[in-house]
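# Survey of secondary and tertiary structure
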There are 2 protein chains.
Amino acid sequence: MIPRLSPFKEQTLHNLAAMVSNDTKDVETFYYKQVLDHFNYRPESYNTFDQRYLINFKYWGGANSSAPIFVYLGAESSIDGYPNLIGFMSENAAAFKALLVYIEHRYYGESKPFGSWEEAFKNASTLGYFNSAQALADYAEILIDIKKTLQAQNSPIVVIGGSYGGMLASWFRLKYPHLAIGALASSAPILYFDDITSPNAYMDVVSRDFKEVSETCYETILNSWSEIDKVASQPNGLSILSQRFNTCYPLNQSFELPNYLGEMYTAAAQYNHPPEYPVTMICNGIDEASFGDTILDKIYSGVVAKEGNGTCRFINNSLKYISETYVGWKWQTCSEMVMPFGIGNDTMFPPYPFDLKRFVEKCEKEYDVSPRPHWITTYYGGHNIKLVLQKFGSNIIFSNGLKDPYSSSGVLNDLSDNIVAIHTINGSHCLDILSSKQSDPGWLIEQRKKEVEIIQGWIAQYYIDLGALRGNN
Amino acid sequence: MIPRLSPFKEQTLHNLAAMVSNDTKDVETFYYKQVLDHFNYRPESYNTFDQRYLINFKYWGGANSSAPIFVYLGAESSIDGYPNLIGFMSENAAAFKALLVYIEHRYYGESKPFGSWEEAFKNASTLGYFNSAQALADYAEILIDIKKTLQAQNSPIVVIGGSYGGMLASWFRLKYPHLAIGALASSAPILYFDDITSPNAYMDVVSRDFKEVSETCYETILNSWSEIDKVASQPNGLSILSQRFNTCYPLNQSFELPNYLGEMYTAAAQYNHPPEYPVTMICNGIDEASFGDTILDKIYSGVVAKEGNGTCRFINNSLKYISETYVGWKWQTCSEMVMPFGIGNDTMFPPYPFDLKRFVEKCEKEYDVSPRPHWITTYYGGHNIKLVLQKFGSNIIFSNGLKDPYSSSGVLNDLSDNIVAIHTINGSHCLDILSSKQSDPGWLIEQRKKEVEIIQGWIAQYYIDLGALRGNN
């Protein structure tokens, strides 16, 4: 039941990526010979790998007019499909005359060091180079190279990212202000580290989302866990549950069904996107069950409402497709991205307090190295963020949707005139940077418009400053 | 003739360190178990070493009053003696009620990874972890630990450094604004990288310093090189020179005497401190030579004026004491701190253009790994610094003395209201942070006073911001 950080459910991504839109044909693929370790000079550190990035030149105004460069900072997945997904870039490219760049994060997609996935993921000795500081340095190297190749020294770069990529975008602006004039950090939970945010915050929001849609739905889910346990502990209980939930393979363990449901609820809350609003779909299913239905009947109705009727359901974890994102992100959370997730006492889930010791032991068992739970706040900060950043840094937008459980550790208030927070009450995870739809509600259109205006302001100011400096020479 | 970056000539340091002042007895020594590699999660990265730091508690107002913490960021030498050397800290500690902390840089002094100097400096495999990004992360870890131990979360930290340490101080403020509210970067040549500054800039200033003191002195030195070459190329020429310059061992190579003289002139310019003003001392020696003296006689008079009469002179490089600073800094310049030094056509030295290829080959031959000449500007910036930092960052003082050849690549103009440059026309390398003397000229007293006032302003503003945030809670 560890929440997924991926900005978009993989299904969604794959569906969208499969749609070859007009933009895809304008996207060219490049590879940069990237150094394995930017912060070390051992002979092995000099090994290189081919890092993939994509460029869409179609809308660019060119180097002579110092036209801007929008850069999507890849996160915990292959970069495939992202030119289609990130509507914020492609839809605004023409107005900004922007070059569009999408860079794949090391260890994902085609950007694997050590020649293969197997080698790269073999053990901590090859995984050790897989972390955010190295990734940011990768982006820096590639952006310098692109600017040099295009002779676009004066073109302002704006970096854009969502979720983990949103953290990367804000951190990139803070660590490499000489390379990016601003950052749009969508749904970036940069405060979900160390002791800054309560470990229970994520699941608190999931529960609140359901409660706000329907109190009875919330109560039904709350009561379902003991009911599932009760049935599961009966003789033949797991077959009864398997039958009731129409599983493709018989359930083997009592935790399998609760895990499946928990993941479905949290995903629904995180990706509670209009016009479907998955939380509402589930609760409608649960609440509209017929008279006389049991709790389990109602819960199953919720599953059907969300996932469709179809054939059998793959509920058992062991049989699920294990994605590259899953494997990669597991390493990242077990090394530096230690986000303490637990479940408090007042949610629709059984309580499950976060236990750092247990977490550390699990990671040590898997990788033979220990997580560094304080590193993110050591390197990037996070404590007293208002005090630190109100007089330091500029040009970052932190955007959030309050239905997104990750918004609990996002930046929701302006830190200064130039480091601003934009949130929507009904928004969810990374909505603002996704492609727009006819059905988009007014508040979402408004949010995107605000973001565009702020970025226009950054670029306009940059041109003024650039002109003034040139004038002085 | 590569200029020395060390903030203080080692002789000076050792002399001063030997004087056990009142402050030394108040300084306590601590060790922090530091991780070998902050940016990697290979099992070997988790090795630790004991990093030394010193604390003087005498003047501190304590955690309850959020009294400030002044931190000297150690550079390319042992931290021994620095509590006495850095008068800027000890002399202002009482007024600020400041805790004084001095942290030793990894690979210097007692802070050697791998258990010994021999192991640490064995080859690139053990030296690879020796770089500025790792050093800054070391400082971050130690400062977090000190604040935690002293329960001094609200005590503002100001970091202070000179020369390479001055670069570290400014970079620390930029990369770790959550840990230091401000930085005093004394004589920090942060623009002596990549193609930002002309490679000839350093030696141009050395020559200018001599020319400003005396045109005839400048001309004598200018003419001396061909004269030395002429004598050296005669049969017995090296013995003639050995005798004339009273060397302890006969000269073996024709470059030995020019190298010695070149180093003496550059050191004199860099450390052209009052009240002696070594450039003036040398030129007085040269200019006051008797009627009928040859050029070589005059040059030798300059040597005597600067170095004293004494016994014989250790001029041959091979016999000189090779310091830890020399060996450590050589690695640093051959890995990331690639500062392109050359000699242009219009100086008092024979021209010697910088040749990156030659530099790289020399380093590769010595260490079997290549320098990364673009890394410093990739990670820390430097190009278009005004454009980048006029709207990003705050609370940095760049101080310089224009007689210091390194001032040619220092920040000499304010970048914004809060990132300011203070330079003195007659100042030299790191003067402002050294202990004050009765003989200090007014402009030096004034420079230090300005710096103190600016830091007072940072701290006062910090307390206001802290109070406002607390009031909001």
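What you are looking at is a predicted structure, and each value in this text was computed from that prediction instead of being measured.

## Notes on the overall build of chain A
Of regular secondary structure, chain A possesses 18 helices and eight strands. By the compact-globule yardstick of 23 Å for 473 residues, chain A fits well, its C-alpha radius of gyration being 23 Å. Along the longest, intermediate and shortest principal axes, the C-alpha atoms of chain A span 85 × 55 × 45 Å. Counting all 473 residues of chain A, 60% fall into the buried class. Relative to all contacts within chain A whose residues are 6 or more apart in sequence, the contacts with residues 24 or more apart total 74%. Put simply, chain A shows about 18,400 Å² of open surface, and 52% of that area lies on carbon and sulfur atoms. Between the centroid of the 37 positive side chains of chain A and the centroid of its 51 negative side chains there is a distance of 3 Å.

## A short note on the interface of chain A and chain B
With 54 residues of chain A at the contact, the number on the chain B side is 54 residues. Between chain A and chain B the total buried area reaches about 4,700 Å² when both faces are included, carbon and sulfur atoms providing 60% of it. It is Tyr41, Arg372 and Phe392 of chain A that lose the most area in chain A upon contact with chain B, and together they represent 18% of the buried surface on that side. Between Lys391 of chain B and Asp465 of chain A there is a salt bridge, with the nearest N and O atoms lying 2.8 Å from each other. Of all elements in the fold, only α5 (124-127), α6 (132-149), α7 (164-175), α14 (324-335), α16 (375-380), α17 (385-389) and α18 (442-472) of chain A reach the threshold of two or more residues within the side of chain A that touches chain B.

## Some remarks on the sheet that holds strand β4 (residues 99-103) of chain A
Residues and elements named next belong to chain A. Pairing within the open sheet is mixed, and its eight strands lie in the order β1-β2-β4-β3-β5-β6-β7-β8. Each edge of the open sheet is held by one strand with a lone partner, namely β1 (27-35) and β8 (419-424). Looking at each pair of strands side by side, their axes are set apart by 20° on average, direction ignored. Inspection of the sheet shows strand β7 (residues 396-401) paired to β8 by six bridges, in the parallel sense. Residue pairing in the sheet places Ile396 in a bridge with Ile419 of β8. Sitting on the sheet, α6 touches β1, β2 (48-56), β3 (69-73), β4 and β5 (157-162), and the angle it makes with β2 is about 55°. Against the sheet, α7 contacts β3, β5, β6 (182-186) and β7, and its axis sits at roughly 150° relative to β5.

## Digging into the sheet that holds strand β1 (residues 27-35) of chain B
Within a sheet, each strand pairs with its neighbour through backbone hydrogen bonds, oriented either parallel or antiparallel. Residues and elements named next belong to chain B. One open sheet accounts for eight strands, arranged β1-β2-β4-β3-β5-β6-β7-β8; its pairing is mixed. The sheet terminates laterally at β1 and β8 (419-424), the two strands that pair on one side only. If you compare each strand with its neighbour and ignore which way they point, the axes differ by 20° on average. Together, β3 (69-73), β5 (157-162), β6 (182-186) and β7 (396-401) form the strand contacts of helix α7 (residues 164-175), whose direction differs from that of β5 by roughly 150°.

## Structural notes on the relation of the copies chain A and chain B
Mapping chain A onto chain B calls for a screw motion: a turn of 180° about the axis and a shift of 0.0 Å along it, with 0.1 Å RMSD after fitting. Such a turn and shift between the copies fits a two-fold axis. For chain A, the smallest separation between a C-alpha atom and the rotation axis is recorded for Gly393 of chain A, amounting to 2.5 Å. Taken as a fraction of all interface residues of chain A, those also at the interface in chain B reach 100%, which identifies the copy contact as same-surface.

## Focus: the state of the cysteines
All names here are of chain B. A complete count under the given rule lists six disulfides over all chains for this structure. Here Cys334 pairs with Cys363 through a disulfide, and the sulfurs are 2.0 Å apart. Judged by the sign of its S-S torsion, about -75°, the bond between Cys334 and Cys363 is left-handed. Residue Cys334 is located in helix α14 (residues 324-335), and its partner Cys363 is located in helix α15 (residues 356-367); the two are separated by 29 residues in the primary sequence. By the burial criterion, Cys334 is buried, and Cys363 matches it.

## Examining the pattern of salt bridges
Residue and element names in this part refer to chain A. In the structure shown here, the tally under the stated rule is 36 salt bridges over all chains. Ionic pairing is found between Lys122 and Glu119, a salt bridge with its closest N-O pair at 3.4 Å. Looking at Glu119, the relative accessible area reads 31%, which means it is partly exposed. Here Arg448 makes a salt bridge to Asp440, at a shortest N to O gap of 2.8 Å. In this structure, Arg448 and Asp440 share a single accessibility class: buried.

## With respect to the confidence of the model for chain A
Residue and element names in this part refer to chain A. Mean pLDDT for chain A: 93, with 93% of residues reaching 70 or above. Of the regions scoring below 50 in pLDDT, residues 6-22 engages in 36 contacts with residues more than four places distant in sequence or in other chains. ipTM for the predicted complex: 0.95, alongside a pTM of 0.95.

## Digging into the side chain of Ser214 of chain A
Residues and elements named next belong to chain A. Mapped onto the elements of the fold, Ser214 is located in the loop between α8 (201-213) and α9 (215-233). Within the structure, Ser214 has its side chain in polar contact with the side chain of Asp287 (distance 2.5 Å). Contacts of Ser214, omitting those with residues within four sequence positions, involve Cys283 and Asp287.

## Quick look at the packing of helix α11 (residues 256-270) of chain B against helix α12 (residues 278-287) of chain B
All names here are of chain B. Axis separation between α11 and α12 bottoms out at 7 Å; the angle between their running directions is 135°. Relative to α12, the element α11 is oriented oblique. For the pair α11 and α12, contact is made by Met264, Tyr265, Ala268 and Ala269 and by Pro278, Val279 and Ile282, respectively. Residues belonging to the contact of α11 with α12 are distributed by class as follows: seven nonpolar, no polar and no charged.

## Describing the environment of Val205 of chain B
Residue and element names in this part refer to chain B. Residue position: Val205 is located in helix α8 (residues 201-213). In this structure Val205 comes out as buried when scored by relative accessible area, which is 4%. Along the chain, Val205 and Tyr218 lie 13 residues apart, while their C-alpha atoms are 12 Å from each other. With sequence-adjacent residues up to four places away left out, Val205 is seen in contact with Leu402, Lys403, Asp404, Pro405 and Ser408.

## Structural notes on unusual backbone geometry
Residue and element names in this part refer to chain A. In this structure, Pro275 follows Pro274 across a cis peptide bond, with omega equal to 5°. In this model, Asn246 sits at a positive phi of 55°, which is unusual for a non-glycine residue. By the element assignment, Asn246 lies in the loop between α10 (237-244) and α11 (256-270).

## As for the pairing of β5 of chain A
Residues and elements named next belong to chain A. Within β5, six of the six residues are buried, leaving the element largely enclosed by the surrounding structure. Because side chains alternate across β5, one face comprises the buried residues Ile157, Val159 and Gly161, and the other comprises Val158, Ile160 and Gly162, equally buried. In terms of strand pairing, β3 meets β5 through four bridges, oriented parallel. The partner of Val71 across the bridge, within β5, is Val159. Regarding topology, α7 serves as the crossover connection from β5 to the parallel β6, and that connection is right-handed.

## Considering the pairing of β2 of chain A
Residues and elements named next belong to chain A. The buried fraction of β2 is high, at seven of nine residues. Across nine bridges, the pairing between β1 and β2 is antiparallel. Bridge pairing links Tyr32 to Gln51 in β2. Bridge count between β2 and β4: four bridges; the pairing is antiparallel. Within β4, the position partnered with Asn56 by the bridge is Leu100.

## Examining α14 of chain B
Residues and elements named next belong to chain B. Between its first and last C-alpha atoms α14 spans 17 Å; for twelve residues at 1.5 Å apiece the expected length is 16 Å, and the two agree. By the criterion of burial, α14 is predominantly enclosed, with nine of the twelve residues buried. Taken together, the buried positions of α14 are occupied by Thr325, Val327, Gly328, Trp329, Trp331, Gln332, Thr333, Cys334 and Ser335.

## Some thoughts on the environment of Asp404 of chain A
All names here are of chain A. Here Asp404 lies in the loop between β7 and β8. For the pair formed by Asp404 and Gly166, sequence separation is 238 residues and the distance between their alpha carbons is 14 Å. Sequence-distant contacts of Asp404, defined by excluding residues within four places in its chain, comprise Ser187, Val205, Ala269, Gln270, Gly427, Ser428 and His429.

## Structural notes on the packing of α9 of chain A against helix α13 (residues 295-307) of chain A
The relative placement of two packed helices comes down to the angle between their axes together with the axis-to-axis distance. All names here are of chain A. Remark: α9 packs on α13, axes separated minimally by 9 Å, with the N-to-C direction vectors making an angle of 115°. Every pair of crossing elements has a handedness; the one defined by α9 and α13 is left-handed. When α9 is examined against α13, the residues Thr220, Ile221, Asn223, Ser224, Glu227, Ile228 and Val231 are found in contact with a partner set consisting of Ile295, Leu296, Lys298 and Ile299. Split by residue class, the contact of α9 with α13 holds six nonpolar, three polar and two charged.

The rules behind the values
Residues numbered from 1 in each chain as written. Chains lettered and ligands numbered in written order. Predicted model: local features only at pLDDT ≥ 70, side-chain atom pairs only at ≥ 80, totals over all residues. Heavy atoms only, no water. Helix = DSSP H or I, 4+ residues; strand = E, 2+ residues; numbered from the N terminus. Rg over C-alpha atoms; globule rule 2.2 N^0.38 Å. Buried < 20%, exposed > 50% of the residue type's maximum accessible area, 1.4 Å probe, protein only. Contact = heavy atoms within 4.5 Å. Areas by Shrake-Rupley, 256 points an atom, 1.4 Å probe, with all protein chains shown as cover. Lys, Arg positive; Asp, Glu negative; His and termini not counted. Charge placed at Lys NZ, Arg CZ, Asp CG, Glu CD. Buried area = accessible area lost by both parts, 1.4 Å probe. Salt bridge = Lys/Arg side-chain N within 4 Å of Asp/Glu carboxyl O. Pairing = 2+ DSSP bridges. Axes fitted to C-alpha atoms, helices over the stretch in contact; angles between N-to-C directions. Least-squares fit on C-alpha atoms with pLDDT ≥ 70 in both. Disulfide = S-S within 2.5 Å. pLDDT = per-residue confidence, 0-100. Polar contact = N/O pair within 3.5 Å; in protein donor to acceptor, adjacent residues only side chain to side chain. Parallel < 35°, antiparallel > 145°, perpendicular 65-115°, else oblique. Nonpolar A, V, L, I, M, F, W, Y, C, P; charged D, E, K, R; others polar. Right-handed = clockwise from strand over helix to strand, strands pointing away. Expected span 1.5 Å × (residues − 1). Left-handed = near helix turned anticlockwise from the far one by under 90°.

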